[in-house]
Amino acid sequence: MAIKYELIKTCKQSGARLGRLHTPHGVIETPIFMPVGTQATVKSMTPEELKDINSQIILSNTYHLYLRPGHKLIEKAGGLHKFMNWDKPILTDSGGFQVFSLGPLRKISEEGVEFRSHLDGSKHFISPEKAVEIQNSLGSDIMMAFDECAPYPADHDYVKKSLERTTRWAKRCKDAHENTDKQALFGIIQGGMYKDLREQSAKEIIDLDFPGYSVGGLSVGEPKDLMYEVLEYTTPLMPKDKPRYLMGVGSPDDLIEGVIRGIDMFDCVLPSRIGRNGTAMTSQGKVVIKNAKHKESFEPLDPECDCYTCKNYSRSYLRHLFKANEILGLRLLTNHNLYFLLNLMKEVRQAIMDDRLLDYRKEFFLKYGYEL
RNA sequence: UCCGGAGUAGCUCAAUGGUGGAGCAUUCGGCUGUUAACCGACAGGUUGGAGGUUCGAGUCCUCUCUCCGGAG
């Protein structure tokens, strides 16, 4: 087996899990946040910088790398790790979400998905088998099954048909995947916002016996309370001895709420994207660095933060960089936001260890400005 | 001094004589398995000034001011 999950303890106060995930490229302490590096790069960050902020694993993308530069090229380069100079674990998303987000450019059938490239309009076809083949070429530590992410809202009938197809596709992915000792393939539970469908999907996917499971189809525009509710009845259905991954979630409150509901892994573009767009996550809440009120603020972005950005630069300077459209500004904010979430998860792990995650949530929310 | 050109939003510029717009800048908002250094909103005007022609003038006419270019 490529990976092994070790449950260290559960928080007595919240039930959250503290664990370790052993992978071919090292051990990951969970719960963990995974920075997103869609095109074989976490935008604006070097691998060295990612290590400096304690990134343990990053995510990359099948769809994007298949289109450009091509998975065969990456295979020829010696695999994704070597190609991008990252020797720690990598998880690759299957392209299922791109199917969801490509909208009118794609056509879904039982066989797979036909779509037009967003780059040049060329026609392509990705099947479950193809998604596995691509990810085998990339050589990621954790591969994701090719799924269909249903939109929100979607009616019961549509979601049921969609999740059943996701199950059939998951089976095909598993059958196509042979490199099981070097790469782990995770199954994805769908089912939208319907309890009976989540139960059905969980049963079908777990019956296929994957080394890890993710919850997909959340964080697609539904209210937060609804997402938490779905998690509350979905994670208890998942095996305790396997990692649980909530796909696409990454706001600070969602991470904490997800961990409390039994999630071990998260990924999200939010910190890197809003960082590039000029918003920082700080212990005191959100900071939009371009706002005029920071013009003469010579204080750090977050006085409680120990990241490179906060230790060396003022809000005034960061604002200047953004106003002047200087590339360093978005690099520094990306660096800070990723550090902030990685550090948040570190504190969450400590709080689980100390059996006080609910207390921690309360303290964090109060400072950040979230309502409990 | 003469000749020519130009004066419209903070800037660069649109607008048959018929409801003065855009891009950028400003201010603010959004972003959740990246089609995203992106997207959106608010605000911003006595069209250099004064007359005139006209039902109606940014647009045509007269005078005037400023700037640019050329000549002297």
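Calculation criteria
- Residues numbered from 1 in each chain as written.
- Chains lettered and ligands numbered in written order.
- Predicted model: local features only at pLDDT ≥ 70, side-chain atom pairs only at ≥ 80, totals over all residues.
- Heavy atoms only, no water.
- Pairing = 2+ DSSP bridges.
- Helix = DSSP H or I, 4+ residues; strand = E, 2+ residues; numbered from the N terminus.
- Axes fitted to C-alpha atoms, helices over the stretch in contact; angles between N-to-C directions.
- Buried < 20%, exposed > 50% of the residue type's maximum accessible area, 1.4 Å probe, protein only.
- Contact = heavy atoms within 4.5 Å.
- Expected span 1.5 Å × (residues − 1).
- Arc of directions from axis to C-beta.
- Phe/Tyr/Trp six-rings, centres within 6.5 Å; stacked < 30°, edge-to-face > 60°.

> Please clarify how the sheet that holds strand β9 (residues 123–126) should be interpreted in this entry.
Strand pairing in a sheet takes place through backbone hydrogen bonds and is either antiparallel or parallel in direction. Here three strands make up an open sheet; going across it, the order is β7-β8-β9 and the pairing antiparallel. The open sheet terminates on both sides in strands that have one partner only, identified here as β7 (106–108) and β9. Geometrically, the sheet is characterised by an average inter-axis angle of 15° between neighbouring strands, direction not taken into account.

> Help me understand helix α9 (residues 224–234), please; the structure alone is not making it clear to me.
For an α-helix, 3.6 residues make a turn, and residues three or four places apart therefore share a direction. All buried positions along α9 are accounted for by Leu226, Met227, Tyr228, Val230, Leu231, Tyr233 and Thr234. On its buried face, α9 sits against β11 (184–189), α8 (195–207), β12 (213–215), β13 (244–246) and α10 (252–260).

> Got a minute to help me understand the sheet that holds β12 in this structure?
Read from one edge of the open sheet, eight strands run β4-β14-β13-β12-β11-β10-β6-β5, paired in parallel fashion. With one partner strand each, in any of the chains shown, β4 (32–35) and β5 (58–61) form the two edges of the open sheet. With direction set aside, neighbouring strand axes in the sheet form an average angle of 30°. Taken together, the four bridges between β4 and strand β14 (residues 265–268) define a ladder with parallel strand orientation. Along β14, the bridge assignment pairs phenylalanine 33 with phenylalanine 266.

> I would appreciate a short explanation of helix α15 (residues 357–368) in the present structure.
Relative to the 16 Å expected for twelve residues at 1.5 Å per residue, α15 spans 16 Å between its end C-alpha atoms, a close match to the ideal helical length. Of all the residues in α15, the buried ones are Leu357, Tyr360, Arg361, Phe364, Phe365 and Tyr368. Taken down its axis, α15 places every buried residue within 125° of arc, on the same side. Of the exposed residues in α15, those oriented more than 90 degrees away from the buried face are Lys362 and Leu366. Buried-residue contacts for α15 involve α10, β15 (279–282), β16 (285–288) and α14 (327–353).

> What should I look at first to understand the packing of aromatic side chains in this one?
Where two aromatic rings form a pair, the distance of their centres and the angle of their planes describe that pair. For the structure on display, the rule yields twelve aromatic pairs. Between phenylalanine 340 and phenylalanine 364, the ring centres sit 6.3 Å apart and the planes meet at 40°, which makes this aromatic pair tilted. Separated by 24 residues along the polypeptide, phenylalanine 340 in helix α14 and phenylalanine 364 in helix α15 bring together distant segments of the chain. Look at phenylalanine 340 and you get buried, because its relative accessible area is 9%. Seen from their ring centres, phenylalanine 340 and tyrosine 368 are 6.3 Å apart, and the 40° between their planes marks the pair as tilted. Note that phenylalanine 340 is positioned in helix α14 and tyrosine 368 in helix α15, a separation of 28 residues in sequence.

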